[in-house]
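Observations on the three-dimensional arrangement
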Amino acid sequence: MGFFNKLNKGLKKTRDNMSGAINSALYGKNEIDDEFYDDLEEILIMADVGVNTAEEIVSRLRDAVFKKNLHRAKDVQEEIKNIVSDILSGGEEVDMITIPSVILVIGVNGVGKTTSIGKLAAMFKSEGKKVILGAADTFRAAAIDQLEIWAERAGVDIVKHKEGADPAAVVYDTIEAGKARNADIIICDTAGRLHNKKNLMEELSKIYRIMDRQLPYADREILLVLDATTGQNAIQQAKEFMEAAEVTGIILTKLDGTAKGGVVLAIKNDLKVPVKFTGVGEGIDDMRAFVPKDFAESLFSEKTKDEDD
Ligand code: GDP
Ligand code: MG
């Protein structure tokens, strides 16, 4: 299945919840009236778009409907799609130009960090890049084993220490191994404990210092993983992480299992941090770079052939 169809399929629940409801609200209307705008705002908030962003979309739509003199439901839908695409656009590019470049993956337990790293490794490898993984989630032995399985699956190298080892030391060794083996991309996993912001901050600053020292000129991404199924809670989580850590982008996972995919708009518009990758399944091919236009298209597209499968 092509990725666009996979994305389409993955977003089905969100699409039914959001654009399906919008279509119903528009159905049989001869005029785009206040009742519709109220319905639209409510639908967007229910889809976890967030209050501010829902208000912004409605207000931009009102302007467009007035200025362009729109009447037909189809034109209004198209206009909503354009507004959503516009809100989602900007900053999503991932510049991994330097050799090596480094990605640090952070986030709470269970959001999909390790799985996303496996998928990213496979994705970069398929682009012809040499990837090396660092198992810096040393909190549990199982976490190291899990990353090792993903490294095997993706066919990439991994650097690991024993359970309980200093995560920063793992990052150090991974960077050194990456340099020695001419890796293009170094990706490090981390533990997901956020029970104590001070600890997290200290642990991450130690890792940043090592990255600064060992790879001062390297392109760097600090990607925060958020689980789309948690809706507005993901926003709260992101706020806490952004207070403790520098975050350059979001990996939004589990879009396939949720009707709360509208949270992507709140992330971009309220948090002002770009979504860079999306996960739409547990398989190795279920991750792609975030393309706002495709995403908006999928949120509002009609049924595709693959959905009949
Ligand atoms: P971590 O604790 O943040 O490292 O999370 P894991 O990578 O261990 O993932 C936790 C669970 O979420 C696993 O069962 C994964 O298979 C699942 N998962 C991760 N990404 C996705 C996704 O995009 N879609 C679905 N449906 N499940 C996912
Ligand atoms: Mg993990």
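Cut-off values and rules
Numbers given for residues are sequential positions, taken from 1 along each chain in its written order. Note on labels: chains are lettered from A, ligands numbered from 1, in written order. Residues qualify for local features only when their pLDDT is at least 70, as the model is predicted, and side-chain atom pairs are given and counted only at 80 or more; totals for whole chains, interfaces and linings, by contrast, use all residues. Where side-chain values are given, they derive from all heavy atoms of the structure, hydrogens and water being excluded. We call a residue near a molecule or strand as soon as one heavy atom of that residue lies within 4 Å of the molecule or strand. Think of a polar contact as two N or O atoms within 3.5 Å of one another; within protein, one of them needs to be a possible hydrogen donor and the other a possible acceptor, and neighboring residues in sequence only count if both atoms come from side chains. All accessibility values rest on the Shrake-Rupley procedure with a 1.4 Å probe; residue burial counts only the protein chains present in the view. Elements are defined by DSSP. Helices are runs of H or I of four residues or more, strands are runs of E of two residues or more, and each kind is numbered from the N terminus. In this analysis, strands are considered paired if DSSP registers two or more bridges between them. For helices, the axis comes from a line fit to the C-alpha atoms of the stretch in contact; other axes are also lines fit to C-alpha atoms, and the angle between any two N-to-C directions lies between 0 and 180 degrees. Think of it in three bands: with a 1.4 Å probe and only protein chains considered, a residue is buried below 20% of the maximum accessible area for its type, exposed above 50%, and partly exposed in between. Consider the strands pointing away from the viewer: the crossover is right-handed when the path from the first strand over the helix to the second runs clockwise. Definition of nonpolar core: a set of buried residues of the types Ala, Val, Leu, Ile, Met, Phe, Trp, Tyr and Cys, connected through side-chain atoms within 4.5 Å. Contacts are assigned to residue pairs with any non-hydrogen atoms lying within 4.5 Å of each other. Throughout, the term roughly parallel applies to angles under 35 degrees, roughly antiparallel to angles over 145, roughly perpendicular to angles from 65 to 115, and oblique to all others. Each crossing gets its hand from how the near helix is turned against the far one by less than a right angle, where anticlockwise is left-handed and clockwise is right-handed.

Points about the site of ligand 1
- In the vicinity of ligand 1 lie 16 residues, with G110, K113, T115, D256 and E282 positioned nearest.
- Backbone polar atom of K113 to an oxygen atom of ligand 1: 2.8 Å apart, as the coordinates give it.
- Backbone polar atom of G281 to an oxygen atom of ligand 1: 3.2 Å apart, as the coordinates give it.
- Bound to the protein, ligand 1 loses 78% of the 580 Å² it would expose on its own.
- Per element, the largest residue contribution to the shell around ligand 1 is four residues, and it comes from helix α6 (residues 113-126).

What about the sheet that holds strand β8 (residues 287-289)?
- Spatially, the eight strands line up as an open sheet ordered β3-β2-β4-β1-β5-β6-β7-β8, and their pairing is mixed. Two strands in the sheet have a free side with no partner beyond their single neighbour: β3 (157-159) and β8. Direction aside, neighbouring strands of the sheet carry axes that sit 25° apart on average.
- In the sheet, strand β1 (residues 101-106) pairs with strand β5 (residues 220-227) via five bridges, with the strands oriented parallel. Counterpart to V105 in the pairing with β5 is L223.

Description of the pairing of strand β6 (residues 249-253)
- Most of β6 is tucked away, with five of its five residues classed as buried.
- Going residue by residue along β6, you find G249, I251 and T253 tucked away on one face and I250 and L252 tucked away on the opposite face as well.
- By the bridge criterion, five bridges tie β5 to β6 in an arrangement that is parallel. Counted as the bridge partner of L224 is I250 from β6.
- Both β6 and strand β7 (residues 275-279) contribute to a ladder of three bridges, which runs parallel. Bridging from a neighbouring strand, I250 pairs with V275 of β7.
- Note on the crossover from β6 through helix α11 (residues 263-269) to β7: the handedness is right-handed.

Looking at the nonpolar core
- Of all hydrophobic cores here, the largest spans 103 residues; its most connected members are F36, L133, I187, L252 and I267.
- The contact partners of L133, leaving out residues within four places of it in the chain, are I117, A121, L147, A151, V156, D157, I158, V159, T174 and I187.

Quick notes on the packing of helix α9 (residues 197-214) against helix α10 (residues 232-244)
- For the pair α9 and α10, interaxial distance at closest approach is 9 Å and the crossing angle is 55°. Judged by the angle between their axes, α9 and α10 are oblique. In this structure, α9 meets α10 at a crossing whose hand is right-handed. Packed against α9, whose contacting residues are K197, L200 and M201, the element α10 presents E240, F241, E243 and A244 at the interface.

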